[in-house]
Amino acid sequence: MELETWSEDWGLPSVEPECLKALAYAKFCGAPITQKQTDNPFWSSSGNLPVFSHASSTTNTKLTDFSAIVKHLAICNYSTDHNLTAKQRAETDAFINLIKEKLSPALQYVFWIDTKNHIEFSRQWYCKHLPFPMGYYYPGRYHQQAVRLIESLYSQYTEFGEIGNDTIVETSVYKSAQECLTLLDNRLGDSPYMFGRSPGRLDAVMYGYLAPLLKAPLPNNALQNYLKGCSNLVRFVVKVSQNYFPQTVKAWDDKNNMEEEKRQKKNNESKKKKEKQPDSEEDLTWPNETRNKVIAGAVASTAMLGYAYHSGLYDIVRNIEIRIVGDDEDEDYVDDDIED
């Protein structure tokens, strides 16, 4: 069994809800599925991932829908819900439909319609991971799919066809999602999973939608902040990640720790450089003060002599010295005659 998915990131085994649902369910039921991070939905019949493949001696099965994957695994004797009562099965279906109706459209809105998240985050992530030249096609396709979904669900609230930020549509989407999150948080309570101590199909669906909303570094994180306030759901996501995907969590933590060490090292080097630098201009100039005075005096003297020579003052002084010397010689000569 093989499951083609989008790449891991943010401490999650994949970034896409449908991929996370299938991966989590496979872990919960113990199915021997190998994850293959292809980032290539080109060969998928749905135009998206995941793609589940199971080659046997008689058939070669390829599935893209989560419900179909669950049914196929049940045929192969891999199931999580065989111990549930009829009431619990009905409750499971009801909550899954609630999530699809209220939370799934909200994730499409947050990732693909919210202007800031779409341009600065989602489009860039998929363009980076999709093989060339698919990065120029699929992000736009996913955006258009999300727009059509929201328009079909909330068309009665549209204002002149607008469904973006600061509209009634956005308010309605967030309100429905918050109601869903509150119901799930209250139903989960202090229990590790929705139906006791073992995870089931509903837990896989919850993890698929809650994990990317909680972990993605969204620029506009209004709905994410609301989820962070649901302590039971946050604990649930952390518990599933640590128990069933420990290597992914560890790799992400190690990466963050290395980046933090590099950042701290860079900050320490910057502080050392600042400490070596003088604190003021006076500290910068005092060691060279004597040298500067000597050079300034020499330059000033040279300038004064040059000016004196150029203006003729030097010749006048020289003539005065010659006259003085000449007068002294005449006086000496007169004195000699008188004595004779």
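In the block above lies the structure referred to throughout.
Computed from a predicted structure; not experimentally measured. (Residues numbered from 1 in each chain as written. Predicted model: local features only at pLDDT ≥ 70, side-chain atom pairs only at ≥ 80, totals over all residues. Heavy atoms only, no water.)

Enquirer: Even after reading the chapter, I still don't get the environment of glutamate 91, so can you show me in this structure?
Expert: As for its position among the elements, glutamate 91 is in helix α3 (residues 86-112). The exposure class of glutamate 91 is partly exposed, given its relative accessible area of 22%. Distance from glutamate 91 to phenylalanine 195, taken between C-alpha atoms, is 10.0 Å for residues 104 residues apart in sequence. Setting aside chain neighbours within four positions, we find glutamate 91 in contact with Arg187 and Phe195. (Helix = DSSP H or I, 4+ residues; strand = E, 2+ residues; numbered from the N terminus. Buried < 20%, exposed > 50% of the residue type's maximum accessible area, 1.4 Å probe, protein only. Contact = heavy atoms within 4.5 Å.)

Enquirer: In this structure, what is going on with the environment of asparagine 83? I would like to understand it.
Expert: Within the fold, asparagine 83 resides in the loop between α2 (66-75) and α3. Separated by 117 residues in the primary sequence, asparagine 83 and glycine 200 have C-alpha atoms spaced 9.7 Å apart.

Enquirer: Can you walk me through the packing of aromatic side chains in this structure?
Expert: What characterises a pair of aromatic rings is the spacing of the ring centres plus the angle enclosed by the ring planes. One pass over the structure, following the stated rule, counts 19 aromatic pairs. A ring pair is formed by phenylalanine 132 and tyrosine 136, whose centres lie 5.9 Å apart and whose planes are at 85°; its orientation type is edge-to-face. When the centroid spacing of 6.0 Å and the interplanar angle of 15° are considered together, the rings of tyrosine 207 and phenylalanine 245 count as stacked. Here tyrosine 207, found in helix α7 (residues 201-215), pairs with phenylalanine 245, found in the loop between α9 (231-244) and α10 (246-276); they are 38 residues apart in sequence, far enough to count as distant. As far as burial versus exposure is concerned, tyrosine 207 and phenylalanine 245 are alike and both buried. Feature note: the residues Trp6, Trp10, Phe111, Trp112, Phe121, Trp125, Tyr126, Tyr137, Tyr138 and Tyr142 constitute an aromatic cluster, connected by ring pairs. (Phe/Tyr/Trp six-rings, centres within 6.5 Å; stacked < 30°, edge-to-face > 60°.)

Enquirer: Could you clarify how one ought to interpret the pairing of strand β4 (residues 60-63) in this entry?
Expert: The side chains of a regular strand alternate between both faces of the sheet. Residue alternation in β4 divides its side chains into a buried set, Thr61 and Leu63, and an unburied set, Asn60 and Lys62. Where strand β3 (residues 51-55) meets β4, 4 bridges bridge the pair, whose relative direction is antiparallel. Bridging across to β4, histidine 54 finds its partner in threonine 61. Taken together, β3 and the strand that follows it, β4, pair antiparallel across an intervening segment of 4 residues. (Pairing = 2+ DSSP bridges.)

Enquirer: Sorry, what's going on with the pattern of salt bridges here?
Expert: Pairs can form between side chains of opposite charge whenever their charged atoms are close. Scanning the entire structure with this criterion turns up 8 salt bridges. One salt bridge connects aspartate 254 with lysine 250, and the closest N-O pair in it is separated by 3.0 Å. With aspartate 254 and lysine 250 both in helix α10, this residue pair falls 4 residues apart, about one helical turn. Overall, the relative accessible area of 33% leaves aspartate 254 in the partly exposed class. What makes lysine 250 exposed here is its relative accessible area of 53%. (Salt bridge = Lys/Arg side-chain N within 4 Å of Asp/Glu carboxyl O.)

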